[in-house]
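Coordinate inspection notes
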Amino acid sequence: MKPKDALTPRILFVCLGNICRSPMAEGALRAGAAARGLNIETVSAGTGDWHVGHPPDRRAQATALAHGIDISGLRGRQVDPDDFHLFTHIVAMDRENLRDLKGLRPAQGTAALLLMLDHLPGREGTGVTDPYYGGDDGFEAVWQDIAGAVEGLLDSIAQDQRRVSG
Ligand code: 4NP
């Protein structure tokens, strides 16, 4: 791997089903990184396997699209212990996801394990609400949390990159 590639942040967002919160986060981060001109790779996954190969929930797709982001092409995948070597950052949507990820993390895993809302001022330590069993309006509130946290995450990554590149 070239040195430039070694420095590219690779971010994995993780929720339970990988059809609502984490694909919205993946879409929001990809768009936010492009808007800032940052080279960041991003993917999402679920701790569960029910939706492997499925597109995002139609409500998540509609909410992202209302914000100009098309996530219809994403497909569900399940988090894998190898992900702790493949990604630089693994971002859990809630505390249960974080606990499950800690259980899955190999001893030599190198990825930084983070909680999504630790990047949204005032919401540190809390989880992004699971909107799956709620109504359509819950998805917009979740989008707002995710979009805010993505901006905080991008701030912190941009700061790290400035530090690395001097
Ligand atoms: P997500 O929401 O974790 O934000 O993708 C869920 C989607 C599906 C299920 C649970 C949560 N499910 O039980 O199928």
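Since we're looking at a predicted model, the values are computed, not measured.

The rules behind these values
Residues numbered from 1 in each chain as written. Predicted model: local features only at pLDDT ≥ 70, side-chain atom pairs only at ≥ 80, totals over all residues. Heavy atoms only, no water. Helix = DSSP H or I, 4+ residues; strand = E, 2+ residues; numbered from the N terminus. Expected span 1.5 Å × (residues − 1). Buried < 20%, exposed > 50% of the residue type's maximum accessible area, 1.4 Å probe, protein only. Contact = heavy atoms within 4.5 Å. Salt bridge = Lys/Arg side-chain N within 4 Å of Asp/Glu carboxyl O. Pairing = 2+ DSSP bridges. Right-handed = clockwise from strand over helix to strand, strands pointing away. Near = heavy atom within 4 Å. Polar contact = N/O pair within 3.5 Å; in protein donor to acceptor, adjacent residues only side chain to side chain. Areas by Shrake-Rupley, 256 points an atom, 1.4 Å probe, with all protein chains shown as cover. Nonpolar A, V, L, I, M, F, W, Y, C, P; charged D, E, K, R; others polar. Phe/Tyr/Trp six-rings, centres within 6.5 Å; stacked < 30°, edge-to-face > 60°.

Compared with an ideal rise of 1.5 Å per residue, which puts 29 residues at 42 Å, helix H6 (residues 137-165) spans 42 Å between its outermost C-alpha atoms and is within 8% of the ideal. Where H6 is concerned, the buried positions are Phe139, Val142, Trp143, Asp145, Ile146, Ala149, Val150, Gly152, Leu153, Leu154, Ile157 and Ala158. Packing partners of the buried residues in H6 comprise strand S1 (10-15), helix H2 (21-36), helix H3 (58-66), strand S3 (89-92) and strand S4 (112-115).

What follows concerns the pattern of salt bridges. Inspection of the entire model under this criterion finds ten salt bridges. We note a salt bridge from Arg99 to Asp100, for which the minimum N-O separation is 3.2 Å. Overall, the relative accessible area of 53% leaves Arg99 in the exposed class. Across the salt bridge formed by Arg123 and Asp145, the nearest N and O atoms sit 3.0 Å from each other. Here Arg123 is found in the loop between S4 and H6, whereas its partner Asp145 is found in helix H6, with 22 residues between them in sequence. Within this structure, Arg21, Asp94 and Asp130 form a network of salt bridges that share partners.

Turning to the pairing of S3, a few remarks are in order. Burial of the side chains of S3 extends over both faces: His89 and Val91 are buried on one face and Ile90 and Ala92 on the other. Alignment of S1 against S3, held across four bridges, turns out to be parallel. Along S3, the bridge assignment pairs Ile11 with His89. The sheet contact formed by S3 and S4 spans four bridges and is parallel. Bridge assignment links Val91 to a residue of S4, and that residue is Leu114. At this point the chain moves from S3, through helix H5 (residues 95-104), to the parallel S4, and the crossover so formed is right-handed.

Quick look at the site of the ligand now. Cys15, Leu16, Gly17, Asn18, Ile19, Cys20, Arg21, His51, Asp130, Tyr132 and Tyr133 make up every residue found near the ligand. Contacts to the ligand include Leu16, whose backbone N or O atom sits 2.9 Å from an oxygen atom. At 2.9 Å, a backbone N or O of Cys20 approaches an oxygen atom of the ligand. Taken by itself the ligand offers 350 Å² of open surface, and the protein chains cover 93% of this. Its residues assigned to classes, the shell around the ligand shows six nonpolar, three polar and two charged.

The geometry of an aromatic ring pair is captured by the separation of the ring centres together with the interplanar angle, meaning the angle of the planes. On inspection of all chains with the given rule, the structure shows one aromatic pair. A centroid spacing of 4.8 Å and a plane angle of 75° characterise the contact between Tyr132 and Tyr133, whose relative ring orientation is edge-to-face.

A separate point is H2. Look at H2: 22 Å from first C-alpha to last across 16 residues, which is about the 22 Å you get at 1.5 Å a residue. Of all the positions in H2, only Arg21, Ser22, Pro23, Met24, Ala25, Glu26, Gly27, Ala28, Leu29, Gly32 and Ala33 are classed as buried. Turning to H2, the residues buried within the fold contact S1, strand S2 (41-46), H3, H5 and H6. Positive phi appears at Gly37, one or two residues downstream of H2, with a value of about 70°.

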